[in-house]
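Architecture and fold: a report
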Amino acid sequence: MVSIIVPVYNAAKYIKHTIEMVCEQTYRDWELILVDDASSDGSCDVIEKIINSQGKRIRLIRKERNEGAAAARNSGIDASSGRYIAFLDADDVWKPDKLEKQVAFMEKTGAAFSFHSYEFGDEEANPTGRIVRAPKTLKFKEALSRTVIFTTTVMFDTEKIDMEIIHMPQVPSEDTATWWRILKSGYVAYGLDENLAIYRRPGKSLSSNKLVAIERIWFLYRNIADLSVIKSFYYFVGWAVRATLRRL
């Protein structure tokens, strides 16, 4: 079974479509764990109406106070019961055969950690044609200059990776920090070069703020990767070049 973990914060605009999208997956052995991070827009009301019609495959966890995406995902991990764990953000889109193809890929490769290619979309999730291709494998040093792993494309095999190491730290860019920590411990991420998701990018998204992105990546180099200033600058240049090319 695949445990699909979705952090929910003021996602009433998207969450019905997100749940329907999971229900339409060609791979049927899944559970959906929605972790509401103290939303104030009625997200839980939307979710509960759907749960009443879908049964026990969909669960809602309500957090009493807003703690951020990392804590929400960690709560989902703790509540999961599937062999595989997949992450999905409430505003992103999966292709209908995403789970089927990724589980088959992990069984074929024996991967403990996998990710796949994805495409940028606009605010309405209309594809833009800009696809980020997943390399065949990604190791720690390679990942330092290639922030190519998108959270909505990640899947773990909990029979091959320690559950504790996939819990996310409470730091900026907690997802990238998690991938780096896992890779630094010796795991290899296996990439499926098939576009199976759309990354919705609103015009004023956090990731579009370049100054914030620079501050976050520098923090990761110095505090998560434990690199010296010189090595941090070296990898930063590589990251900046790749990030620029990916957006052209």
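Keep in mind that this is a model prediction, so the values were computed, not measured. (Residues numbered from 1 in each chain as written. Predicted model: local features only at pLDDT ≥ 70, side-chain atom pairs only at ≥ 80, totals over all residues. Heavy atoms only, no water.)

Before going further, it helps to examine the pattern of salt bridges. Under the defined criterion, the tally for this structure stands at 13 salt bridges. For K16, the salt bridge identified is with E20, shortest N-O distance 2.4 Å. Note that K16 and E20 are positioned in helix α1 (residues 15-23) at a spacing of 4 residues, about one turn of the helix. By relative accessible area, K16 is classed as partly exposed at 45%. (Salt bridge = Lys/Arg side-chain N within 4 Å of Asp/Glu carboxyl O. Helix = DSSP H or I, 4+ residues; strand = E, 2+ residues; numbered from the N terminus. Buried < 20%, exposed > 50% of the residue type's maximum accessible area, 1.4 Å probe, protein only.)

Turning next to the environment of R130. Tracing the backbone through its elements, the reader meets R130 in strand β8 (residues 127-132). Residue class for R130 comes out partly exposed when judged on its relative accessible area of 29%. On a C-alpha basis, the gap between R130 and F120 in space is 5.7 Å, while along the polypeptide they are 10 residues apart.

Enumeration according to the criterion identifies 15 aromatic pairs in this entry. Between F156 and W179 the ring centres are 6.1 Å apart and the planes differ by 50 degrees, which places this aromatic pair in the tilted class. Taken as a pair, F156 in strand β10 (residues 155-157) and W179 in helix α6 (residues 174-184) lie far apart in primary sequence, 23 residues in all. Residue class for F156 comes out buried when judged on its relative accessible area of 0%. When the centroid spacing of 5.5 Å and the interplanar angle of 35 degrees are considered together, the rings of F236 and W239 count as tilted. On the criterion of helical spacing, the pair formed by F236 and W239 is a turn pair, its members being 3 residues apart in helix α8 (residues 229-247). The same class applies to F236 as to W239, namely buried. An aromatic cluster is defined as three or more aromatic residues linked by ring pairs; in this entry it consists of F87, F113, F156 and W179. Note that R57 overlies the ring of W30, its terminal NZ or CZ placed 3.7 Å from the centroid. The lysine or arginine in question, R130, covers the ring of F120, its NZ or CZ lying 5.0 Å from the ring centre. (Phe/Tyr/Trp six-rings, centres within 6.5 Å; stacked < 30°, edge-to-face > 60°. Lys NZ or Arg CZ within 6 Å of the ring centre and 35° of its normal.)

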